[in-house]
Amino acid sequence: MEAKEFRKKIASGAFAKPTAGYCEGYVQANMFVIPKEYADDFEKFAKENSKAMPVLEVINDSYKSKILAPGANLLNELPLYNIVENGVVSKTLTSIEAFYNQDLVFFLIGCSFTFETSLLKNNIPLRHVDMGVNVPMYSTNIKLKPVGIFHGDMVVSMRPIKKERVADACVVTSHYPNMHGTPIQVGYPEMIGISDIYHPDYGNMVRIDEDEIPLFWPCGVTPQNVLKEVKLPFAITHAPGHMFVSDKKDSDYYI
């Protein structure tokens with residue numbers, strides 16, 4: 001299915017699941033929406049921490065994409081949204097039309113789902129895709145460089161990779177620096193503050209076999225973790241794993 005058709009399906013209410021494995025070859029993006037008074041500092045914060053938060057598009061005074069999918073409605077073309085008040089998710093919705101006002105600024109941020117097509121084409125299987133579940137994601141002790149009020153710890157996504165394919169997975173994902181690039185940690189989850197790999201903070205747990213090593217990539221859910229620390233009065237995010245599927249192709253961001 002092409003991305004435009006997929007977004008129409010989402011907007012009609014016919015799809016509200018994680019988007020991993022859907023619309024192969026199309027770029028997927030995280031979404032982060034905050035009032036204008038915080039937007040400049042957040043943009044600087046994202047640039048200082050671009051491996052976790054690679055900004056692909058910023059939208060002011062509108063709710064429609066201009067670069068990733070011109071004309072796409074960001075209010076109802078993602079499967080699920082979180083309303084975050086004072087750092088706490090207060091509502092999870094399929095549309096945020098009732099919450100839109102022109103004071104809001106939309107950030108679309110690169111997502112590791114984008115490089116998954118290349119991993120699969122290189123015969124590196126992805127268990128969460130095979131299982132039809134959300135990728136497991138974890139809060140870490142990796143500190144972000146603070147800017148203004150914004151600070152906190154990085155979130156990572158995890159994929160179990162066969163030991164003999166770990167180097168290949170690193171090479172494949174290195175070609176997508178705007179989608180988090182190479183893993184930030186290979187094995188040893190306790191070194192980045194993950195005490196129990198079988199209980200992710202976001203998403204779903206997947207099996208890790210004895211001949212596999214867990215690889216951890218920086219994750220675009222990081223801004224949601226930051227909100228817990230900063231406690232902005234109001235923000236909107238995508239629900240983790242329920243991404244914006246754009247009209248751009250993965251190859252557009254291959255380096």
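Rules and cut-offs
As a convention, each chain's residues are numbered from 1 in the sequence order in which they are written. Predicted model: local features are reported for residues with pLDDT of at least 70 only, side-chain atom pairs are reported and counted for 80 or more only, and whole-chain, interface and lining totals are derived from all residues. To obtain the side-chain values, all non-hydrogen atoms of the structure were included, while hydrogens and water were left out. Nonpolar core, defined: a set of buried Ala, Val, Leu, Ile, Met, Phe, Trp, Tyr and Cys residues in which side-chain atoms within 4.5 Å join the residues together. Each residue is placed in one exposure class: buried if its accessible area under a 1.4 Å probe, protein chains only, is under 20% of its type's maximum, exposed if it is over 50%, and partly exposed if it falls in between. Only DSSP runs of H or I covering at least 4 residues are called helices, and only runs of E covering at least 2 are called strands; the numbering of each starts at the N terminus. Criterion for a salt bridge: a side-chain nitrogen of Lys or Arg within 4 Å of a carboxyl oxygen of Asp or Glu. Each axis is a line fitted through C-alpha atoms, and for a helix only the stretch in contact is used; angles between axes span 0 to 180 degrees, taken between their N-to-C directions. Angles are sorted into four bins: roughly parallel if under 35 degrees, roughly antiparallel if over 145, roughly perpendicular if 65 to 115, and oblique for all others. Crossing chirality is assigned from the near helix's rotation relative to the far helix, an anticlockwise turn below a right angle marking it left-handed and a clockwise turn marking it right-handed. Working rule for contacts: check all heavy atoms of both residues, and any pair within 4.5 Å makes them a contact. For this classification, the nonpolar set comprises Ala, Val, Leu, Ile, Met, Phe, Trp, Tyr, Cys and Pro, the charged set comprises Asp, Glu, Lys and Arg, and every other residue, Gly included, is treated as polar. At least two DSSP bridges between two strands are required for those strands to pair.

Asks: Please clarify how the nonpolar core should be interpreted in this entry.
Replies: Generally speaking, nonpolar side chains in soluble globular proteins are found buried as a group. If you look at the biggest cluster of nonpolar residues, it comprises 33 residues, and the most contacted ones within it are Met31, Leu74, Phe106, Leu108 and Phe244. Of all elements in the fold, only strand 1 (26–35), strand 2 (55–59), strand 3 (81–85), strand 5 (104–110), helix 3 (113–121), helix 5 (166–174) and strand 9 (212–218) reach the threshold of two or more residues within this core. Residues Ile34, Phe150, Ile194 and Val226 belong to the second largest nonpolar core, which totals 32 residues.

Asks: Where do I start with the pattern of salt bridges in this structure?
Replies: All chains considered together, the criterion is met by 13 salt bridges. Here arginine 7 makes a salt bridge to glutamate 77, at a shortest N to O gap of 2.9 Å. Of the two residues, arginine 7 is situated in helix 1 (residues 3–11) and glutamate 77 in the loop between strand 2 and strand 3; the sequence distance between them amounts to 70 residues. Under the relative-accessibility criterion, arginine 7 is labelled buried at 4%. A relative accessible area of 14% places glutamate 77 in the buried class. Residues joined by salt bridges that share partners form a network here, namely Arg127, Lys162, Arg207, Asp209, Asp211 and Glu212.

Asks: What is the right way to look at the packing of helix 3 against helix 5 in this model?
Replies: Angle between the axes and distance between the axes are the two parameters that describe a pair of packed helices. Contact geometry of helix 3 with helix 5 gives a least axis separation of 9 Å together with a crossing angle of 130 degrees. Of the possible angle classes, the one that applies to helix 3 and helix 5 is oblique. The crossing of helix 3 and helix 5 is right-handed. Here Phe115, Ser118 and Leu119 of helix 3 come into contact with helix 5, specifically with Ala169, Val172 and Thr173. The class makeup of the residues in the contact of helix 3 with helix 5 is four nonpolar, two polar and no charged.

Asks: It is not clear to me how unusual backbone geometry should be interpreted in this structure. Could you clarify?
Replies: Excluding glycine, residues mostly carry a negative phi; peptide bonds, for their part, are mostly trans. Look at aspartate 61: it is not a glycine, yet its phi comes out positive at around 55 degrees. Among the structural elements, aspartate 61 can be located in the loop between strand 2 and strand 3. Positive phi outside glycine occurs at lysine 231, with the angle close to 60 degrees. Tracing the sequence through the fold places lysine 231 in the loop between helix 6 (222–230) and strand 10 (235–238).

Asks: I tried to follow the pairing of strand 4 (residues 88–93) on my own but got confused; where do I start?
Replies: Along any regular strand the residues' side chains alternate between the sheet's two faces. Bridge count between strand 3 and strand 4: five bridges; the pairing is antiparallel. Within strand 4, the residue paired with asparagine 82 across the bridge is threonine 92. The antiparallel hairpin formed by strand 3 and strand 4 contains two residues in its connecting segment, where asparagine 86 sits at a positive phi of about 55 degrees.

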